[in-house]
Amino acid sequence: MNGPKHKLCTKLSSTYLRKWWITIAIAAILIIGGIVVACEFSVLINAIVDRMVALRPGAKTFNWWAKPPVEPRISLYVYNVTNADDFLSNGSKAIVDEVGPYVYTETWEKVNIVENDNGTLSYNLRKIYTFREDLSAGPEDDVVIVPNIPMLSATSQSKHAARFLRLAMASIMDILKIKPFVQVSVGQLLWGYEDPLLKLAKDVVPKEQKLPYEEFGLLYGKNGTSSDRVTVHTGVDDITQYGIIDKYNGRTHLPHWTTEECNRLNGTDGSIFPPHIDHSRILHVYDKDLCRLLPLVFEKEVITKNEVQGYRFTPPESVFADVDRSPENMCFCPAGQPSCSPNGLFNVSLCQYDSPIMLSFPHFYLADDSLRTQVEGISPPEKEKHQFFFDVQPNMGTTLRVRARIQINLAVSQVFDIKQVANFPDIIFPILWFEEGIDSLPDEVTDLMRFAEVVPPKIRIVLIVVLCALGVGLLLLATFCLIRNSHRQSTLHLEGSNYLATAQVDMNKKQNKDNNPSNVRY
């Protein structure tokens, strides 16, 4: 009679226990899921970001890259020479008056885009400049007096030529009435004016040695579609190569410098960088006019428009340092030590048809102060006004804000055999400086960045809390029920034992009664 009851209780008990062991297993899976989310959720988000930013034709980020929804500006400040005659005649120190800004808005578009088989895209860049007189200090017609760059370049290059060539050059300049300073409008200085020396060169210089322009202007030929063909990595196959230049006009390296390291081209155009940037990353920007890769190192964290967090990257202080301070810059001295630039300057003559052009930061920021004091009228440099920097969104690698600030200088060499410049001393003469960049990105872009930056961490925290809370809750519930069931089973076991013992006593009494009938009275 007790056998079927015992089997039924055992069956019910086994089903009960199996249910709670399954609950414990589910709780363990939830807790493990919470731990996995805590450790690996960022990997999933990074994979999503990588896919989103990679340059796939037709994607939103591709369209933003091809035609940036921004309005870059370039502001130019010209060093107007106010005592040119005294400087040449009396040996007085040159006095300059910084005039500007002269502001142009820019429209950028990548055209003739071709998708290549090796995970790259090739394109030409179109830049259209529009003068903004409402933002400028004056019209483009403002007249300035500046060094005659074509003439002084030619005389400086002739310093080590045969003497009769220098005398012949002096005669030609006399006939053409070429002077060391020119009076031109700001527009002419930037976009071009007819120069008699260049016009003469066009007629007498062999075709293979001719300059690719007939007028002289610091931005001559840049208002329109560039002939330079740029090939960049899309990041689809390898996100670490996202936006990195693969080839520039078919070259993988520059031809100018003495080592492969200094001739590298594997930077970006500055609009995008490979994502997931940390403080230790060194970014690299390439621009043809810089004549080299420009390294950028982390300076500080910043908050930009719409409270998007960015990392500020700037060139290291050693970037234009002389070789005594930074021996690694020796590779930028193509003719050895004598051709090295003074501290704070970078010689780009090899990229400017041998014109002795020297780049620096505005007001000779980070350069020897003796360069600034060679002329009067240039105030001491200020970091806030003259620093070169990029603010970059670290997760997506998108540039948020830029101030690309560069000063153009002319390295003039005194040449006694050319009477027009016989009194022009050896000097680094500042011409102008400019500030090019963007203030912010459109709300559509920054909203997406802010979403990508703020929402995933919150989702991660919610998932961790929910999964772990559910797991721990189920685990505690299952443990409590199992312990309670264990006590109940013990109680039932004791009650069952007492019942069996009582039944056994009753049975024994009955058997004794049956075995002793004589005790029954009639």
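Residues numbered from 1 in each chain as written. Predicted model: local features only at pLDDT ≥ 70, side-chain atom pairs only at ≥ 80, totals over all residues. Heavy atoms only, no water.

Student: Please set out the overall build of the protein chain residue by residue, giving values where relevant.
Tutor: Along its length, the protein chain carries 10 helices and 18 strands. When burial is assessed residue by residue, the protein chain has 45% of its 522 residues classed as buried. Counting only contacts in the protein chain whose residues sit at least 6 apart along the sequence, the fraction spanning at least 24 positions is 66%. (Helix = DSSP H or I, 4+ residues; strand = E, 2+ residues; numbered from the N terminus. Buried < 20%, exposed > 50% of the residue type's maximum accessible area, 1.4 Å probe, protein only. Contact = heavy atoms within 4.5 Å.)

Student: Give me the lowdown on the state of the cysteines, citing residues and values where you can.
Tutor: This structure, assessed with the given rule, holds 3 disulfides. Residue Cys291 pairs covalently with Cys351 via a disulfide, S to S 1.6 Å. Disulfide Cys291-Cys351: the torsion about the S-S bond is 70°, which places it as right-handed. Taken together, the positions of Cys291 in the loop between strand E11 (283–287) and strand E12 (292–304) and Cys351 in the loop between strand E14 (346–347) and strand E15 (357–360) put the pair 60 residues apart, joining distant regions of the chain. Like Cys351, Cys291 is buried. Bridging Cys333 to Cys340, the disulfide has an S-S length of 2.0 Å. On the S-S bond that ties Cys333 to Cys340, the torsion sits near 120°, and the link is right-handed. We note that Cys333, like Cys340, is buried. (Disulfide = S-S within 2.5 Å.)

Student: Provide a residue-level description of unusual backbone geometry, including the pertinent values.
Tutor: Of note, the bond from Gly100 into Pro101 is cis; its omega dihedral lies within 30 degrees of zero at 10°. In this fold, Pro101 is placed in strand E2 (residues 96–115). Positioned with a positive phi, His276 is a non-glycine residue whose angle comes to about 60°. Its place among the elements puts His276 in the loop between strand E10 (245–248) and E11.

Student: Talk me through the environment of Leu76; I want residue IDs and the actual numbers.
Tutor: The topology assignment puts Leu76 in strand E1 (residues 73–81). Between the C-alpha atom of Leu76 and that of Glu436, which follows or precedes it by 360 residues, the distance is 8.6 Å. Aside from chain neighbours lying at most four places away, what touches Leu76 is Val99, Gly100, Pro101, Tyr102, Tyr104, Leu190, Leu219, Leu432, Trp433 and Phe434.

Student: Would you mind going over the nonpolar core in detail, with residue names and values included?
Tutor: Residues Trp65, Phe424, Phe429 and Leu432 are the most contacted members of the largest nonpolar core, which totals 118 residues. The element best represented in this core is strand E17 (residues 398–412), accounting for 8 residues. Looking at which domains feed residues into this core, each of domain 1 (17–64 + 446–483) and domain 2 (70–441) gives three or more. In this structure Trp65 touches Leu55, Lys110, Ile113, Leu121, Tyr123, Val232 and Ile272, once residues within four positions along its chain are discounted. (Core = buried A, V, L, I, M, F, W, Y, C linked by side-chain atoms within 4.5 Å. Domains from an automatic or database assignment.)

Student: Could you give an account of helix H4 (residues 149–157), with specific residues and numbers?
Tutor: Along an α-helix, residues three or four positions apart point the same way, because every turn accommodates 3.6 residues. Burial analysis of H4 places 8 of its 9 residues in the buried class, the great majority of the element. Of the positions making up H4, those classed as buried are Ile149, Pro150, Met151, Leu152, Ser153, Ala154, Thr155 and Ser156.

Student: Mind laying out the confidence of the model for the protein chain, listing which residues take part and the relevant values?
Tutor: One rule of thumb: low pLDDT means the predicted coordinates there are not for detailed reading. Model confidence for the protein chain is summarised by a mean pLDDT of 84, while 83% of its residues fall at 70 or above. Ranking the elements of the protein chain by mean pLDDT puts helix H1 (residues 2–53) last with 66 and E1 first with 97. In this model, residues 5–12 is a region of pLDDT below 50 whose contacts with residues beyond four sequence positions or in other chains number 0 contacts. (pLDDT = per-residue confidence, 0-100.)

Student: Would you mind going over the packing of aromatic side chains in detail, with residue names and values included?
Tutor: A full pass over the atoms with the stated rule returns 25 aromatic pairs. For the pair Phe388 and Phe390, a centre-to-centre distance of 5.9 Å together with 35° between the ring planes defines the contact as tilted. Ring pairing ties together the aromatic residues Trp257, Phe273, Phe320, Phe332, Phe346, Phe361, Tyr365, Phe388 and Phe390, which thus form one cluster. Of note, Arg292 hangs over the ring of Phe346, and the distance from its end group to the ring centre comes to 5.0 Å. Note that Arg312 overlies the ring of Phe389, its terminal NZ or CZ placed 3.8 Å from the centroid. (Phe/Tyr/Trp six-rings, centres within 6.5 Å; stacked < 30°, edge-to-face > 60°. Lys NZ or Arg CZ within 6 Å of the ring centre and 35° of its normal.)

Student: Explain the pairing of E11 to me, and be specific about the residues and the numbers.
Tutor: Bridge analysis of E11 against E12 gives 5 bridges, and the strand direction is antiparallel. Counterpart to Tyr286 in the pairing with E12 is Leu293. Connecting E11 to the antiparallel partner E12 that follows it, the hairpin turn spans 4 residues, and Cys291 within it adopts a positive phi of roughly 70°. (Pairing = 2+ DSSP bridges.)

Student: Provide a residue-level description of the environment of Thr225, including the pertinent values.
Tutor: If you trace the backbone, Thr225 turns up in strand E8 (residues 224–225). In this structure, the C-alpha to C-alpha distance between Thr225 and Ile128, residues 97 residues apart in sequence, is 8.2 Å. Apart from residues no more than four positions distant in its own chain, Thr225 is found in contact with Val111, Asn124, Leu125 and Arg126. At a separation of 3.0 Å, a polar atom in the side chain of Thr225 contacts the side chain of Arg126. (Polar contact = N/O pair within 3.5 Å; in protein donor to acceptor, adjacent residues only side chain to side chain.)

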